[in-house]
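Spelled out from the first residue to the last, the chains are:
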Amino acid sequence: MEIRINSLDTIREAAREFINHIGEARVFAFYGKMGAGKTTFVKAICEELGSEDVITSPTFSIVNEYGISNHKKSSLNREDFGGPIYHFDFYRIKKLEEVYDMGYEEYFYSGALCLIEWPELIEDILPDDAVCVTIEEQADGSRLVSW
């Protein structure tokens with residue numbers, strides 16, 4: 001599947017399209033170069049799902065938890081995910097032991113939506129059913145999201 005994001009003006013539309021194709025998957029590993037738009041796309045996904053939290057990259061905290069508002073209309077609701085949305089950024093991980101110490105299994109196998117940036121640093125422990133999503137900047141400045 002591929003989605004083209006032509007500009008920031010169309011990112012929410014692209015996020016809705018992505019959400020409509022999530023299916024039963026709950027763990028998504030976002031690959032892309034620095035500045036490709038991973039965090040911006042994750043933010044759009046969370047907002048489209050109804051999160052009213054401030055969505056930022058969890059570079060220093062490793063994981064952020066976002067709630068889904070029950071009163072905001074969204075394509076999918078909280079019950080579809082079995083809990084909150086977890087947003088990970090493993091960019092600063094030096095050793096896999098850091099991820100073991102944070103109790104990653106409780107997140108990855110919770111049934112909640114897990115959106116992971118810099119998964120290449122933890123590929124050995126990603127769930128087998130994790131969906132690999134690539135975001136690439138195109139020559140015209142658009143972004144191509146594929147999985």
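Refer to the structure printed above.
We now turn to the structure provided with this report. Just so it is clear, the structure is predicted and the values come from calculations on it, not from any experiment.

## Focus: the overall build of the protein
So, step 1. Helix and strand counts for the protein come out as 5 helices and 7 strands.
So, step 2. In sequence order, the protein lays out its α and β elements as β-α-β-α-β-α-β-α-α-β-β-β.
So, step 3. Its C-alpha radius of gyration of 14 Å places the protein within 12% of the 15 Å reference for a compact globule of 147 residues.
So, step 4. By principal-axis analysis of the C-alpha atoms, the protein measures approximately 40 × 40 × 25 Å.
So, step 5. For the protein, the residues scored as buried account for 50% of the 147 residues in total.

## With respect to helix H1 (residues 11–20)
So, step 1. Among the residues of H1, Ile11, Ala14, Ala15, Phe18 and Ile19 are the ones counted as buried. Each buried residue of H1 lies within a common arc of 140 degrees when the element is viewed along its axis, so the set occupies one face. Turned more than 90 degrees away from the buried face of H1, the exposed residues are Glu13 and Asn20.

## As for the packing of H1 against helix H2 (residues 38–48)
So, step 1. Orientation of H1 relative to H2, taken along the N-to-C sense of each, is 70 degrees, at an axis distance of 8 Å. As far as their axial angle goes, H2 and H1 are roughly perpendicular. The chirality of how H1 crosses H2 is right-handed. Side by side, H1 and H2 meet where Ile11, Arg12, Ala14, Ala15, Arg16, Phe18 and Ile19 of the first sit next to Thr40, Phe41, Ala44, Ile45, Glu47 and Glu48 of the second.
So, step 2. Classifying every residue of the contact of H1 with H2 by side-chain character gives 8 nonpolar, 1 polar and 4 charged.

## Points about the pattern of salt bridges
So, step 1. With the rule as written, the count across this model stands at 5 salt bridges.
So, step 2. Salt-bridge contacts for Lys43 lead to Glu47; the nearest nitrogen and oxygen are separated by 2.8 Å. On the criterion of helical spacing, the pair formed by Lys43 and Glu47 is a turn pair, its members being 4 residues apart in helix H2.
So, step 3. We classify Lys43 as partly exposed; its relative accessible area is 33%.
So, step 4. Across the pair Arg143 and Glu137 runs a salt bridge whose closest N-O atoms are separated by 3.6 Å.
So, step 5. Among the ionic contacts, a cluster of salt bridges with common partners joins Arg12, Arg16, Lys43, Glu47 and Glu48.

## Remarks on the pairing of strand E7 (residues 143–146)
So, step 1. Side chains of E7 alternate between two faces, with Arg143 and Val145 and Leu144 and Ser146 buried alike.
So, step 2. The pairing of strand E1 (residues 2–5) with E7 spans 4 bridges and is antiparallel. Opposite Ile5, over in E7, you have Arg143 as the bridge partner.
So, step 3. As judged from the 4 bridges shared by strand E6 (residues 131–137) and E7, these two strands associate in the antiparallel manner. What sits directly across from Glu137, in E7, is Arg143.
So, step 4. From the end of E6 to the start of E7, which pair antiparallel, there are 5 residues, and Gly141 there has a positive phi angle of about 90 degrees.

## Side note on the environment of Met1
So, step 1. Topologically, Met1 is positioned in the segment before E1.
So, step 2. Sequence separation between Met1 and Asp53 is 52 residues; the distance between their C-alpha atoms is 29 Å.

The rules we used
- Residues numbered from 1 in each chain as written.
- Predicted model: local features only at pLDDT ≥ 70, side-chain atom pairs only at ≥ 80, totals over all residues.
- Heavy atoms only, no water.
- Helix = DSSP H or I, 4+ residues; strand = E, 2+ residues; numbered from the N terminus.
- Rg over C-alpha atoms; globule rule 2.2 N^0.38 Å.
- Buried < 20%, exposed > 50% of the residue type's maximum accessible area, 1.4 Å probe, protein only.
- Arc of directions from axis to C-beta.
- Axes fitted to C-alpha atoms, helices over the stretch in contact; angles between N-to-C directions.
- Parallel < 35°, antiparallel > 145°, perpendicular 65-115°, else oblique.
- Left-handed = near helix turned anticlockwise from the far one by under 90°.
- Contact = heavy atoms within 4.5 Å.
- Nonpolar A, V, L, I, M, F, W, Y, C, P; charged D, E, K, R; others polar.
- Salt bridge = Lys/Arg side-chain N within 4 Å of Asp/Glu carboxyl O.
- Pairing = 2+ DSSP bridges.

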